[in-house]
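Observations on chain architecture
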Amino acid sequence: MLTLDLTGKTALVAGSTQGIGLASAKELADLGANCILIARNEQALQEAVKTLDASKGQQHSYLVADFSNPAQVQEVVASYAQQHTIHILINNSGGPAAGPIVDAKPEAFIAAFQQHLICNHMLVTTLLPKMKEAGYGRIINVISTSVKVPLKGLGVSNTIRGAVASWAKTMANEVASFGITVNNVLPGATSTGRLEAIINNKASKTGIAQDEIEKEMLEEIPARRFGRPEEIAGVIAFLASPAAAYVNGTSTPVDGGRTGSI
Ligand SMILES: NC(=O)c1ccc[n+]([C@@H]2O[C@H](COP(=O)([O-])OP(=O)(O)OC[C@H]3O[C@@H](n4cnc5c(N)ncnc54)[C@H](OP(=O)(O)O)[C@@H]3O)[C@@H](O)[C@H]2O)c1
(Lines give C-alpha, C1' and ligand atoms only; values in the text may rest on other atoms or scores of the structure.)
Protein backbone atom coordinates (compact mmCIF):
# COMPACT_ATOMS: atom_id res chain seq x y z
CA MET A 1 0.00 0.00 0.00
CA LEU A 2 1.43 3.40 -0.94
CA THR A 3 1.23 5.09 2.42
CA LEU A 4 3.48 7.01 4.77
CA ASP A 5 1.57 5.63 7.76
CA LEU A 6 3.83 3.81 10.24
CA THR A 7 1.16 2.83 12.75
CA GLY A 8 2.06 -0.53 14.29
CA LYS A 9 5.67 -0.32 13.17
CA THR A 10 8.60 -0.09 15.61
CA ALA A 11 11.76 1.86 14.82
CA LEU A 12 15.16 1.63 16.50
CA VAL A 13 16.77 5.03 16.02
CA ALA A 14 20.45 5.27 16.87
CA GLY A 15 22.29 8.45 17.90
CA SER A 16 18.96 9.98 18.76
CA THR A 17 19.44 12.35 21.70
CA GLN A 18 20.00 15.31 19.35
CA GLY A 19 20.61 16.35 15.76
CA ILE A 20 19.58 14.20 12.81
CA GLY A 21 18.82 11.11 14.94
CA LEU A 22 16.39 12.90 17.25
CA ALA A 23 14.74 14.72 14.33
CA SER A 24 14.29 11.32 12.62
CA ALA A 25 12.68 9.80 15.70
CA LYS A 26 10.29 12.76 15.89
CA GLU A 27 9.33 12.36 12.24
CA LEU A 28 8.83 8.58 12.56
CA ALA A 29 6.72 9.05 15.70
CA ASP A 30 4.61 11.69 13.89
CA LEU A 31 3.88 9.04 11.24
CA GLY A 32 2.71 6.66 13.99
CA ALA A 33 5.79 4.54 14.72
CA ASN A 34 6.84 3.35 18.17
CA CYS A 35 10.42 4.59 18.64
CA ILE A 36 13.24 3.01 20.60
CA LEU A 37 16.04 5.54 20.99
CA ILE A 38 19.61 4.43 21.55
CA ALA A 39 22.66 6.53 22.54
CA ARG A 40 25.07 6.93 25.49
CA ASN A 41 23.55 9.67 27.64
CA GLU A 42 20.65 8.21 29.64
CA GLN A 43 19.33 11.52 30.91
CA ALA A 44 19.30 12.98 27.40
CA LEU A 45 17.53 9.83 26.18
CA GLN A 46 14.82 10.24 28.83
CA GLU A 47 14.32 13.86 27.78
CA ALA A 48 14.28 12.96 24.09
CA VAL A 49 11.60 10.27 24.56
CA LYS A 50 9.33 12.92 26.13
CA THR A 51 9.49 15.04 22.96
CA LEU A 52 8.05 12.29 20.70
CA ASP A 53 4.41 12.30 19.63
CA ALA A 54 2.38 9.65 21.44
CA SER A 55 -1.08 10.90 20.54
CA LYS A 56 -1.95 7.78 18.53
CA GLY A 57 -0.94 5.41 21.34
CA GLN A 58 2.70 5.05 20.19
CA GLN A 59 4.92 3.47 22.83
CA HIS A 60 8.40 4.97 23.01
CA SER A 61 11.39 3.89 25.08
CA TYR A 62 15.18 3.91 25.01
CA LEU A 63 18.29 1.74 25.32
CA VAL A 64 21.70 2.90 26.53
CA ALA A 65 24.80 1.78 24.62
CA ASP A 66 28.09 3.15 23.38
CA PHE A 67 28.81 2.53 19.69
CA SER A 68 32.54 2.51 20.38
CA ASN A 69 31.80 -0.90 21.95
CA PRO A 70 30.03 -3.02 19.29
CA ALA A 71 29.72 -6.06 21.59
CA GLN A 72 27.83 -3.97 24.14
CA VAL A 73 25.54 -2.57 21.43
CA GLN A 74 24.75 -6.06 20.20
CA GLU A 75 24.06 -7.39 23.69
CA VAL A 76 21.70 -4.55 24.59
CA VAL A 77 19.81 -4.70 21.30
CA ALA A 78 19.68 -8.51 21.08
CA SER A 79 18.15 -8.69 24.53
CA TYR A 80 15.48 -6.12 23.56
CA ALA A 81 14.83 -7.78 20.20
CA GLN A 82 14.10 -11.16 21.80
CA GLN A 83 10.75 -9.75 22.98
CA HIS A 84 10.05 -7.23 20.21
CA THR A 85 9.99 -6.97 16.43
CA ILE A 86 11.83 -3.95 15.06
CA HIS A 87 10.74 -3.04 11.53
CA ILE A 88 12.85 0.07 10.97
CA LEU A 89 16.50 0.59 11.83
CA ILE A 90 18.15 4.01 11.56
CA ASN A 91 21.91 3.48 11.74
CA ASN A 92 23.42 6.71 13.01
CA SER A 93 25.92 7.96 15.61
CA GLY A 94 28.55 10.63 16.12
CA GLY A 95 30.91 11.37 13.23
CA PRO A 96 34.69 10.68 13.40
CA ALA A 97 36.98 13.54 14.44
CA ALA A 98 37.95 15.99 11.69
CA GLY A 99 41.47 16.37 10.31
CA PRO A 100 43.59 15.82 7.17
CA ILE A 101 44.18 12.20 6.26
CA VAL A 102 47.97 12.56 6.40
CA ASP A 103 47.70 13.27 10.14
CA ALA A 104 45.30 10.40 10.87
CA LYS A 105 46.47 7.71 13.30
CA PRO A 106 45.76 4.05 12.41
CA GLU A 107 43.73 3.71 15.64
CA ALA A 108 41.35 6.43 14.45
CA PHE A 109 40.44 4.41 11.32
CA ILE A 110 39.88 1.30 13.43
CA ALA A 111 37.70 3.15 15.95
CA ALA A 112 35.59 4.73 13.19
CA PHE A 113 35.26 1.37 11.40
CA GLN A 114 34.01 -0.22 14.64
CA GLN A 115 31.61 2.60 15.47
CA HIS A 116 30.12 2.91 12.00
CA LEU A 117 30.51 -0.28 9.98
CA ILE A 118 30.71 -2.98 12.67
CA CYS A 119 27.90 -1.51 14.78
CA ASN A 120 25.65 -1.14 11.70
CA HIS A 121 26.41 -4.73 10.75
CA MET A 122 25.73 -6.12 14.22
CA LEU A 123 22.45 -4.25 14.45
CA VAL A 124 21.30 -5.44 11.05
CA THR A 125 22.22 -9.08 11.60
CA THR A 126 20.57 -9.02 15.03
CA LEU A 127 17.30 -7.55 13.73
CA LEU A 128 17.14 -9.30 10.35
CA PRO A 129 15.42 -12.57 11.40
CA LYS A 130 12.35 -10.76 12.79
CA MET A 131 12.24 -8.31 9.88
CA LYS A 132 12.14 -11.34 7.57
CA GLU A 133 9.33 -12.92 9.63
CA ALA A 134 7.38 -9.65 9.47
CA GLY A 135 8.02 -9.32 5.72
CA TYR A 136 8.86 -5.67 6.37
CA GLY A 137 12.22 -4.09 7.01
CA ARG A 138 13.67 -0.65 6.42
CA ILE A 139 17.37 -0.14 7.11
CA ILE A 140 18.48 3.45 6.67
CA ASN A 141 22.07 4.48 7.18
CA VAL A 142 22.91 8.10 7.89
CA ILE A 143 26.28 8.54 6.19
CA SER A 144 27.57 11.68 4.43
CA THR A 145 27.85 13.18 0.95
CA SER A 146 31.53 12.22 1.17
CA VAL A 147 30.36 8.86 -0.18
CA LYS A 148 30.11 10.63 -3.54
CA VAL A 149 32.70 13.42 -3.27
CA PRO A 150 35.25 13.32 -0.40
CA LEU A 151 35.11 16.39 1.85
CA LYS A 152 38.21 18.46 2.66
CA GLY A 153 39.64 17.92 6.14
CA LEU A 154 37.59 14.81 6.95
CA GLY A 155 40.16 12.10 6.16
CA VAL A 156 39.03 9.32 8.50
CA SER A 157 35.36 10.06 7.93
CA ASN A 158 35.68 10.03 4.10
CA THR A 159 37.42 6.66 4.25
CA ILE A 160 34.98 4.92 6.56
CA ARG A 161 31.87 6.40 4.90
CA GLY A 162 32.86 4.77 1.62
CA ALA A 163 33.14 1.39 3.34
CA VAL A 164 29.72 1.81 4.95
CA ALA A 165 28.16 2.67 1.59
CA SER A 166 29.65 -0.45 -0.03
CA TRP A 167 28.51 -2.60 2.88
CA ALA A 168 25.00 -1.18 2.58
CA LYS A 169 24.74 -1.76 -1.18
CA THR A 170 25.87 -5.36 -0.74
CA MET A 171 23.34 -5.88 2.07
CA ALA A 172 20.57 -4.31 -0.06
CA ASN A 173 21.14 -6.94 -2.75
CA GLU A 174 20.91 -9.79 -0.26
CA VAL A 175 17.77 -8.85 1.69
CA ALA A 176 15.45 -7.19 -0.82
CA SER A 177 13.51 -10.35 -1.66
CA PHE A 178 12.28 -10.47 1.98
CA GLY A 179 10.52 -7.08 1.77
CA ILE A 180 13.52 -5.37 3.35
CA THR A 181 15.20 -2.32 1.85
CA VAL A 182 18.57 -0.79 2.67
CA ASN A 183 19.22 2.83 1.75
CA ASN A 184 21.69 5.56 2.65
CA VAL A 185 20.85 9.16 3.42
CA LEU A 186 23.74 11.55 2.87
CA PRO A 187 23.34 14.80 4.81
CA GLY A 188 25.10 17.92 3.60
CA ALA A 189 26.04 20.64 6.10
CA THR A 190 23.21 20.43 8.61
CA SER A 191 22.74 22.68 11.66
CA THR A 192 23.56 20.29 14.54
CA GLY A 193 26.22 19.84 17.22
CA ARG A 194 28.35 17.97 14.68
CA LEU A 195 28.45 20.92 12.25
CA GLU A 196 29.24 23.31 15.10
CA ALA A 197 32.13 21.06 16.20
CA ILE A 198 33.55 20.92 12.65
CA ILE A 199 33.42 24.72 12.30
CA ASN A 200 34.95 25.29 15.78
CA ASN A 201 37.71 22.78 15.04
CA LYS A 202 38.60 24.50 11.77
CA ALA A 203 38.53 27.94 13.40
CA SER A 204 40.88 26.89 16.20
CA LYS A 205 43.28 25.10 13.83
CA THR A 206 43.45 27.86 11.20
CA GLY A 207 42.76 31.02 13.21
CA ILE A 208 40.06 31.94 10.66
CA ALA A 209 36.92 33.46 12.25
CA GLN A 210 33.89 31.14 12.51
CA ASP A 211 31.72 33.59 10.51
CA GLU A 212 34.25 33.51 7.67
CA ILE A 213 34.32 29.69 7.67
CA GLU A 214 30.52 29.56 7.58
CA LYS A 215 30.44 32.08 4.72
CA GLU A 216 32.88 29.96 2.68
CA MET A 217 30.81 26.83 3.32
CA LEU A 218 27.57 28.54 2.29
CA GLU A 219 29.12 29.69 -0.99
CA GLU A 220 29.46 26.01 -1.96
CA ILE A 221 25.77 25.28 -1.30
CA PRO A 222 23.40 26.28 -4.12
CA ALA A 223 20.59 26.69 -1.55
CA ARG A 224 22.87 29.22 0.29
CA ARG A 225 21.91 27.90 3.71
CA PHE A 226 22.64 24.98 6.00
CA GLY A 227 20.09 22.18 6.21
CA ARG A 228 17.78 21.68 9.16
CA PRO A 229 17.80 18.25 10.88
CA GLU A 230 14.08 17.93 10.08
CA GLU A 231 14.90 18.19 6.38
CA ILE A 232 17.16 15.14 6.60
CA ALA A 233 14.60 13.38 8.80
CA GLY A 234 11.82 13.89 6.22
CA VAL A 235 13.76 11.85 3.66
CA ILE A 236 14.57 9.19 6.25
CA ALA A 237 10.90 8.92 7.22
CA PHE A 238 9.84 8.51 3.58
CA LEU A 239 12.41 5.73 3.08
CA ALA A 240 11.08 4.04 6.25
CA SER A 241 7.51 4.05 4.98
CA PRO A 242 5.53 1.50 2.96
CA ALA A 243 5.46 4.07 0.12
CA ALA A 244 9.21 3.56 -0.42
CA ALA A 245 8.98 -0.24 -0.86
CA TYR A 246 10.69 -0.20 -4.27
CA VAL A 247 13.52 2.18 -3.32
CA ASN A 248 16.47 -0.05 -2.51
CA GLY A 249 20.26 0.23 -2.49
CA THR A 250 20.31 4.00 -2.98
CA SER A 251 22.48 6.80 -1.58
CA THR A 252 20.53 10.07 -1.51
CA PRO A 253 22.25 13.38 -0.82
CA VAL A 254 20.12 15.86 1.16
CA ASP A 255 22.47 18.80 0.83
CA GLY A 256 20.82 21.77 -0.85
CA GLY A 257 22.54 20.75 -4.09
CA ARG A 258 26.13 20.92 -2.81
CA THR A 259 27.42 17.57 -4.09
CA GLY A 260 29.14 18.18 -7.42
CA SER A 261 28.35 14.83 -9.03
CA ILE A 262 25.26 13.73 -10.97
N1 LIG B 1 25.50 17.68 10.77
C2 LIG B 1 26.12 17.61 9.61
O3 LIG B 1 26.41 18.63 8.98
C4 LIG B 1 26.46 16.26 9.01
C5 LIG B 1 26.86 16.20 7.67
C6 LIG B 1 27.18 14.96 7.12
C7 LIG B 1 27.13 13.83 7.89
N8 LIG B 1 26.74 13.92 9.20
C9 LIG B 1 26.75 12.68 9.96
O10 LIG B 1 25.43 12.35 10.40
C11 LIG B 1 25.52 11.68 11.66
C12 LIG B 1 24.66 12.42 12.68
O13 LIG B 1 25.10 13.75 12.74
P14 LIG B 1 24.50 14.87 13.69
O15 LIG B 1 24.92 16.14 13.09
O16 LIG B 1 23.08 14.61 14.00
O17 LIG B 1 25.41 14.59 14.99
P18 LIG B 1 25.26 15.10 16.50
O19 LIG B 1 24.37 16.29 16.59
O20 LIG B 1 26.66 15.18 17.00
O21 LIG B 1 24.52 13.88 17.23
C22 LIG B 1 25.13 12.63 17.36
C23 LIG B 1 24.22 11.67 18.10
O24 LIG B 1 24.89 10.42 18.18
C25 LIG B 1 25.03 10.00 19.54
N26 LIG B 1 26.35 9.40 19.68
C27 LIG B 1 27.56 9.99 19.47
N28 LIG B 1 28.54 9.13 19.74
C29 LIG B 1 27.97 7.97 20.12
C30 LIG B 1 28.46 6.70 20.55
N31 LIG B 1 29.78 6.46 20.66
N32 LIG B 1 27.56 5.75 20.87
C33 LIG B 1 26.24 5.97 20.81
N34 LIG B 1 25.71 7.14 20.40
C35 LIG B 1 26.56 8.13 20.08
C36 LIG B 1 24.86 11.26 20.39
O37 LIG B 1 24.25 10.96 21.65
P38 LIG B 1 25.07 10.64 22.99
O39 LIG B 1 26.11 11.69 23.11
O40 LIG B 1 24.03 10.63 24.05
O41 LIG B 1 25.64 9.25 22.79
C42 LIG B 1 23.90 12.08 19.53
O43 LIG B 1 22.57 11.73 19.82
C44 LIG B 1 27.01 11.63 12.03
O45 LIG B 1 27.58 10.45 11.58
C46 LIG B 1 27.55 12.81 11.24
O47 LIG B 1 28.94 12.74 11.00
C48 LIG B 1 26.39 15.09 9.77
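Up top you'll find the structure we're talking about.
In this text, all values refer to a predicted model and were calculated from it rather than measured experimentally.

As a further point, take the overall build of the protein chain. Scanning the protein chain from N- to C-terminus turns up eight helices and seven strands. For the protein chain, whose C-alpha radius of gyration is 18 Å, the value lies close to the compact-globule estimate of 18 Å for 262 residues. Of all 262 residues assigned to the protein chain, the portion counted as buried reaches 45%. Looking at the protein chain as shown, the accessible area adds up to about 12,400 Å², and 54% of this sits on carbon and sulfur atoms.

This part covers the sheet that holds strand E5 (residues 137-142). Sheets are built from strands paired through backbone hydrogen bonds, the pairs being either parallel or antiparallel. Spatially, seven strands are ordered E3-E2-E1-E4-E5-E6-E7 in an open sheet, and the strand pairing comes out parallel. Of all the strands in the sheet, just strand E3 (61-64) and strand E7 (251-254) have a single pairing partner and so form its edges. Going from strand to strand, the sheet's axes swing by 20 degrees on average, the running direction of each strand aside. Strands strand E1 (10-14), strand E2 (34-39), strand E4 (88-91), E5 and strand E6 (180-187) of the sheet are contacted by helix H1 (residues 19-30), whose axis makes an angle of about 170 degrees with E1. Against the sheet, helix H2 (residues 42-50) contacts E2 and E3, and its axis sits at roughly 165 degrees relative to E3.

What follows is about unusual backbone geometry. Most peptide bonds take the trans form, and the phi angle of most residues other than glycine is negative. A positive phi angle, near 55 degrees, is found at Arg 224, a position not held by glycine. If you trace the backbone, Arg 224 turns up in the loop between helix H7 (210-219) and helix H8 (229-240).

Close to the ligand lie 31 residues; Thr 17, Arg 40, Phe 67, Arg 161 and Thr 192 are nearest. Arg 40 has a polar side-chain atom sitting 2.8 Å from an oxygen atom of the ligand. Residue Arg 161 places a side-chain N or O atom 2.6 Å away from an oxygen atom belonging to the ligand. If the ligand stood free it would expose 880 Å²; the protein chains cover 91% of that surface. Mapped onto the shell around the ligand, the elements with two or more residues apiece are H1, helix H4 (106-134) and helix H6 (193-206). Here the shell around the ligand gets three residues from one element, more than from any other, and that element is H6. In terms of residue class, the shell around the ligand is made up of nine nonpolar, 18 polar and four charged.

Below, the discussion takes up the pattern of salt bridges. This model, assessed by the stated rule, comprises five salt bridges. Here Lys 50 makes a salt bridge to Glu 47, at a shortest N to O gap of 3.2 Å. Taken as a pair, Lys 50 and Glu 47 lie in helix H2 at a separation of three residues, close to a single helical turn. Of the charged contacts in the structure, one is a salt bridge between Arg 225 and Glu 231, with a shortest N-O distance of 2.7 Å. Overall, Arg 225 belongs to the partly exposed group, its relative accessible area being 42%. Where salt bridges share partners, they join Arg 225, Arg 228, Glu 230 and Glu 231 into one cluster.

A word on the packing of H4 against helix H5 (residues 155-175). Contact geometry of H4 with H5 gives a least axis separation of 9 Å together with a crossing angle of 20 degrees. Comparing the axis directions of H4 and H5 gives the class roughly parallel. You can see that H4 and H5 cross each other, and the crossing is right-handed. Contacts from Ala 108, Phe 109, Ala 112, Phe 113, His 116, Leu 117, Asn 120, His 121, Val 124 and Leu 128 of H4 reach H5 at Gly 155, Val 156, Thr 159, Ile 160, Arg 161, Ala 163, Val 164, Trp 167, Met 171 and Val 175. Along the lines of polarity and charge, the residues of the contact of H4 with H5 split into 14 nonpolar, five polar and one charged.

The rules behind the values
- Residues numbered from 1 in each chain as written.
- Predicted model: local features only at pLDDT ≥ 70, side-chain atom pairs only at ≥ 80, totals over all residues.
- Heavy atoms only, no water.
- Helix = DSSP H or I, 4+ residues; strand = E, 2+ residues; numbered from the N terminus.
- Rg over C-alpha atoms; globule rule 2.2 N^0.38 Å.
- Buried < 20%, exposed > 50% of the residue type's maximum accessible area, 1.4 Å probe, protein only.
- Areas by Shrake-Rupley, 256 points an atom, 1.4 Å probe, with all protein chains shown as cover.
- Pairing = 2+ DSSP bridges.
- Axes fitted to C-alpha atoms, helices over the stretch in contact; angles between N-to-C directions.
- Contact = heavy atoms within 4.5 Å.
- Near = heavy atom within 4 Å.
- Polar contact = N/O pair within 3.5 Å; in protein donor to acceptor, adjacent residues only side chain to side chain.
- Nonpolar A, V, L, I, M, F, W, Y, C, P; charged D, E, K, R; others polar.
- Salt bridge = Lys/Arg side-chain N within 4 Å of Asp/Glu carboxyl O.
- Parallel < 35°, antiparallel > 145°, perpendicular 65-115°, else oblique.
- Left-handed = near helix turned anticlockwise from the far one by under 90°.

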